[in-house]
Amino acid sequence: MKSRFRLSAAAAAVSLAAFGVVGMSSSPASAASATCFGYTGNVNGYGFDAVAWQYGPPECFGVAPSGTIWHTWSGAGGWKEMPGDGRASHFVGYFESSAGKAVKVITEAGNYYCNYDDYATNTWGGWYGTNTDHC
């Protein structure tokens, strides 16, 4: 069983300038233009999160107005849809251990889903439901 733990607020808090965040502008209220690492994409009204992983490179995560789930990182070439055809309202948690990282989202219906990236293979596994506080 792989051990995962939630990043502390201090570890997760990073300067947005370090992510190359230019800004976010809303138009209309349910959608926003978000720029992270120099890549601009459309996210829903919840905006996006910049995450400073302890063991992996920093990433930004957001949900498009359509509900599709996206992320980007330095050198990605743009915002990339996360594997597994997930749909969500917004991100609610980020977890990491030396073996990998996980993200947690909530849907409009109130269901929670996680996706795990194994650092050894650098592969996101796909979305799975959860009823716990972590992934």
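Residues numbered from 1 in each chain as written. Predicted model: local features only at pLDDT ≥ 70, side-chain atom pairs only at ≥ 80, totals over all residues. Heavy atoms only, no water.

Trainee: Hey, could you run me through the overall build of the protein in this one?
Mentor: Within the protein one finds 1 helix and 13 strands. Going from the N terminus to the C terminus, the protein shows its helices and strands as β-α-β-β-β-β-β-β-β-β-β-β-β-β. Taking all 135 residues of the protein together, the buried fraction comes to 45%. The contacts in the protein between residues at least 6 apart in sequence include a share of 36% that link residues at least 24 apart. Split by element, the accessible area of the protein, about 6,900 Å² in all, is 52% carbon and sulfur. (Helix = DSSP H or I, 4+ residues; strand = E, 2+ residues; numbered from the N terminus. Buried < 20%, exposed > 50% of the residue type's maximum accessible area, 1.4 Å probe, protein only. Contact = heavy atoms within 4.5 Å. Areas by Shrake-Rupley, 256 points an atom, 1.4 Å probe, with all protein chains shown as cover.)

Trainee: Help me out: how do you make sense of the side chain of D117 in this one?
Mentor: Mapped onto the secondary structure, D117 falls in strand β11 (residues 112–118). Not counting residues up to four positions away in its chain, the partners in contact with D117 are A99, G100, K101, N122, T123 and W124.

Trainee: How should the confidence of the model for the protein be read in this particular structure?
Mentor: Low pLDDT marks stretches whose predicted atomic positions should not be read closely. Across the protein, pLDDT averages 83, with 78% of residues at or above 70. Below a pLDDT of 50 lies the segment residues 1–19, which in the model reaches 40 contacts outside its immediate sequence neighbourhood of four places, other chains included. Residue range residues 21–29 is modelled with pLDDT below 50. Its contacts to residues more than four positions away, or to other chains, number 20 contacts. (pLDDT = per-residue confidence, 0-100.)

Trainee: Would you take a moment to explain the nonpolar core for this structure?
Mentor: Nonpolar side chains in soluble globular proteins generally cluster together in the buried interior. Residues F61, I69, M82, F91, Y94 and V103 are the most contacted members of the largest nonpolar core, which totals 13 residues. In this structure F91 touches D49, F61, G62, V63, I69, W70, M82, V103, K104 and V105, once residues within four positions along its chain are discounted. (Core = buried A, V, L, I, M, F, W, Y, C linked by side-chain atoms within 4.5 Å.)

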